[in-house]
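# Structural description and commentary
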Amino acid sequence: MSVAEVKARHESRLLSIPGVLGVAADTARNVIVVYVESEEAAARVPGEIEGFPVEVRVVGRVVPLG
């Protein structure tokens, strides 16, 4: 099972967590990356999913440009 498959299987659940903005699979490092608005949101994200580590990146509030 690949990190991309695990990410795809859990993406909707992760995106339903308040403050989660996006989810990616870093296939080079076998890590699931979760982008969040705040440290508070980061605390809600699991540290591991199906044996793959989860890296949380706090990116702040995202607003469209233009």
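Located above this text is the structure these notes cover.
Residues numbered from 1 in each chain as written. Predicted model: local features only at pLDDT ≥ 70, side-chain atom pairs only at ≥ 80, totals over all residues. Heavy atoms only, no water.

## Side note on the sheet that holds strand β3 (residues 48-49)
Basically, it comes down to this: Strand pairing requires that DSSP identify at least two bridges connecting the strands. Strands are runs of DSSP state E lasting at least 2 residues, helices are runs of H or I lasting at least 4, and numbering of each runs from the N terminus. Residues count as neighbours in contact if any of their non-hydrogen atoms are within 4.5 Å of one another. Here an axis means a line fitted to C-alpha atoms, over the contact stretch when the element is a helix, while the angle between two N-to-C directions is reported on a 0 to 180 degree scale.
Here we have four strands laid out as an open sheet, ordered β1-β2-β4-β3, and mixed in their pairing. Two strands close off the open sheet at either side, each with one partner strand: β1 (20-26) and β3. Where β1 meets strand β2 (residues 31-36), six bridges bridge the pair, whose relative direction is antiparallel. Bridging across to β2, Val-23 finds its partner in Val-34. Each of β1, β2, β3 and β4 (52-58) is contacted by helix α1 (residues 3-15), which is oriented at about 175 degrees to β1, the strand it contacts most.

## A few points about the side chain of Asp-26
Inclusion rule: Any N or O atom pair separated by 3.5 Å or less is treated as a polar contact, with the protein-specific requirement of one donor-capable and one acceptor-capable atom, and with residues adjacent in sequence counted only for side-chain atom pairs.
Inspection of the secondary structure assignment puts Asp-26 in strand β1. A distance of 2.7 Å separates polar atoms of two side chains, one belonging to Asp-26 and the other to Arg-29. Setting aside its immediate chain neighbours within four residues, Asp-26 contacts Val-3, Val-31 and Val-33.

## Topic: the pairing of β2
Our working definition: Each residue's exposure class comes from its accessible area (1.4 Å probe, protein chains only) as a fraction of the maximum for that residue type: buried when under 20%, exposed when over 50%, partly exposed otherwise.
Most of β2 sits inside the fold, with five of its six residues counted as buried. What sits between β1 and β2 in their antiparallel hairpin is a turn of four residues, with Asn-30 showing a positive phi close to 55 degrees. In this sheet, β4 lies alongside β2 in parallel orientation, the contact comprising five bridges. Note on β4: the bridge partner recorded for Val-34 is Val-56.

## Quick word on the pairing of β4
Bridging between β3 and β4 involves two bridges; their strand directions are antiparallel. In the sheet register, Glu-48 faces β4, and the bridge partner there is Pro-53. Linkage of β3 to β4, two consecutive antiparallel strands, is achieved through a turn of two residues, within which Glu-50 is found at a positive phi near 50 degrees.

## Points about the nonpolar core
Just so we agree on the cut-off: The nonpolar core is taken to be a set of buried Ala, Val, Leu, Ile, Met, Phe, Trp, Tyr and Cys residues, with the residues joined through side-chain atoms within 4.5 Å.
If you look at the biggest cluster of nonpolar residues, it comprises 15 residues, and the most contacted ones within it are Val-20, Ile-32, Val-34 and Val-36. Counting only elements with at least two residues in this core, the list comes to α1, β1, β2, α2 (39-42) and β4. Excluding its chain neighbours within four sequence positions, the residues that come into contact with Val-34 are Leu-14, Val-20, Gly-22, Val-45, Val-54, Glu-55, Val-56 and Arg-57.

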